Amino acid sequence: MQAQFNIHASGATRQLSVNVHSLVVAGWAGRDMAAIEHHIEELAELGVPRPSSVPLFYRIGQNQMSQDTEIQVVGPHSSGEIEALVFAAEGRLFVGISSDHTDRKLEAYSVALSKQVCAKPAGTEAWELSEVEGHWDELIVRSWIEEGGQRVLYQEGSLSTLRPPRELIDGYLKASGLSEFADGTAMTCGTVAAIGGIRPSTTFEMELYDPRLNRSLKHRYTSRILPEVA
């Protein structure tokens, strides 16, 4: 997937084209085992089996990454989750945002397949990781859905609850037997719990906010529901 990003660094903006050939979703990426257990139980209510280990690294087809503002899904059972997206290009690391959009009905059968069947929407703005890594734990992720015609806060939390990106990268390399996080590799870095529980919405809006530098990465997309036929 040829992704296009506007990189905001050192007060300037430039365009960066990245041929994303490897897409990874880091699951169960929290630091607090009690919080992880809460999320596992949250998903268990939907029939999702417990993970075999934590964290887990799901390989997703690179063609599933999308920067469009609309995706298509089969049936009304899918929902988004905001995650920081760390990707490698030009020998450096950058951070953007993505939604681990997942089919919740299929998730009860197979987490890996439920993630693969849905597009992974990503924003078009990014920062150099070096500009935020020193205060990574201060960064805040938020998302909103539309519910009853209203914009509703769906997720909010600081990245201090999740494992830092380099720890996840090291874990992925060890788990996959790779020696480097090569240019063109992108990985989502975990999420925070849904306020009021996981539920679908055809509109998903997300933000990664940096309170120290007072700036945000934002993206909004809608889901067009295709008929579920047998």
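Below: a short report on this structure. (Residues numbered from 1 in each chain as written. Predicted model: local features only at pLDDT ≥ 70, side-chain atom pairs only at ≥ 80, totals over all residues. Heavy atoms only, no water.)

Structural notes on the overall build of the protein chain
- On a plain count of helices and strands, the protein chain comes out with four helices and 17 strands.
- In terms of overall size, the protein chain behaves like a compact globule, its C-alpha atoms giving a radius of gyration of 16 Å where 230 residues would be expected to give roughly 17 Å.
- Projected onto its principal axes, the C-alpha coordinates of the protein chain cover approximately 50 × 40 × 30 Å.
- The proportion of buried residues among the 230 residues of the protein chain is 53%.
- When the accessible surface of the protein chain is split by element, carbon and sulfur atoms take 50% of a total near 10,400 Å². (Helix = DSSP H or I, 4+ residues; strand = E, 2+ residues; numbered from the N terminus. Rg over C-alpha atoms; globule rule 2.2 N^0.38 Å. Buried < 20%, exposed > 50% of the residue type's maximum accessible area, 1.4 Å probe, protein only. Areas by Shrake-Rupley, 256 points an atom, 1.4 Å probe, with all protein chains shown as cover.)

Quick word on the side chain of His135
- As for its position among the elements, His135 is in the loop between strand S12 (125–128) and strand S13 (140–147).
- Sequence-distant contacts of His135, that is, excluding residues within four places in its chain, are made with Asp210, Arg212 and Leu213. (Contact = heavy atoms within 4.5 Å.)

Looking at the state of the cysteines
- This structure, assessed with the given rule, holds zero disulfides.
- Left unpaired, Cys189 is separated from the closest cysteine sulfur, that of Cys118, by 20 Å.
- Looking at Cys189, the relative accessible area reads 3%, which means it is buried. (Disulfide = S-S within 2.5 Å.)

Side note on the pattern of salt bridges
- Enumeration over the complete set of coordinates arrives at 21 salt bridges.
- For Lys120, the salt bridge goes to Asp100, with nearest N and O atoms at 2.7 Å. Note that Lys120 is positioned in strand S11 (residues 120–121) and Asp100 in the loop between strand S9 (92–99) and strand S10 (102–103), a separation of 20 residues in sequence.
- With a relative accessible area of 1%, Asp100 lands in the buried category.
- The network of salt bridges with shared partners includes Arg14, Glu90, Arg92 and Glu128. (Salt bridge = Lys/Arg side-chain N within 4 Å of Asp/Glu carboxyl O.)

Quick notes on the packing of aromatic side chains
- Per the stated rule, a full pass over the model turns up six aromatic pairs.
- Ring centres of Phe5 and Phe87 lie 4.3 Å apart, and the angle between their planes is 15°; this geometry places the pair in the stacked category. Here Phe87 lies in strand S8 (residues 82–89) and Phe5 lies in strand S1 (residues 2–9), a separation of 82 residues in the sequence. Phe87 matches Phe5 in its accessibility class, with the two residues each being buried.
- Centre to centre, the rings of Tyr154 and Phe204 are 6.3 Å apart; their planes meet at 80°, and the pair counts as edge-to-face. (Phe/Tyr/Trp six-rings, centres within 6.5 Å; stacked < 30°, edge-to-face > 60°.)

Here's the deal with the sheet that holds S12
- Spatial strand order, S2-S1-S12-S9-S8-S15-S3-S4: eight strands in an open sheet with mixed pairing. Of all strands in the sheet, those with a lone pairing partner are strand S2 (12–19) and strand S4 (56–60), marking the two edges. With strand direction ignored, the average angle separating the axes of adjacent strands in the sheet is 30°.
- Docked against the sheet, helix H4 (residues 165–176) engages strand S3 (22–27), S4, S8, S9 and strand S15 (185–188), running at close to 75° with respect to S4. (Pairing = 2+ DSSP bridges. Axes fitted to C-alpha atoms, helices over the stretch in contact; angles between N-to-C directions.)

Quick word on the pairing of strand S6 (residues 70–74)
- A one-sided burial pattern is seen for S6, the buried positions being Ile71 and Val73 and the unburied ones Glu70, Gln72 and Val74.
- In the sheet, S6 pairs with strand S17 (residues 215–226) via five bridges, with the strands oriented parallel. Of the residues in S17, the one forming a bridge with Gln72 is Arg224.

Thoughts on helix H1 (residues 33–44)
- Compared with an ideal rise of 1.5 Å per residue, which puts twelve residues at 16 Å, H1 spans 16 Å between its outermost C-alpha atoms and is within 8% of the ideal.
- Among the residues of H1, Ile36, His39, Ile40, Glu42 and Leu43 are the ones counted as buried. An end-on view of H1 places all buried positions within 155° of arc, on one side of the element.
- Between the side-chain oxygen of the N-cap and the backbone nitrogen of Ala34 there are 2.8 Å, and the N-cap of H1 in question is Asp32. (Expected span 1.5 Å × (residues − 1). Arc of directions from axis to C-beta. Polar contact = N/O pair within 3.5 Å; in protein donor to acceptor, adjacent residues only side chain to side chain.)

Describing the nonpolar core
- Core analysis: the biggest nonpolar cluster contains 65 residues, and Phe5, Ile7, Met65, Phe87, Trp136, Met187 and Leu208 have the highest contact counts within it.
- In terms of residue count, S8 provides more of this core than any other element does, seven residues in total.
- Discounting chain neighbours no more than four positions away, the residues touching Ile7 are Ala12, Thr13, Arg14, Leu16, Phe87, Phe94, Ala126 and Glu128. (Core = buried A, V, L, I, M, F, W, Y, C linked by side-chain atoms within 4.5 Å.)

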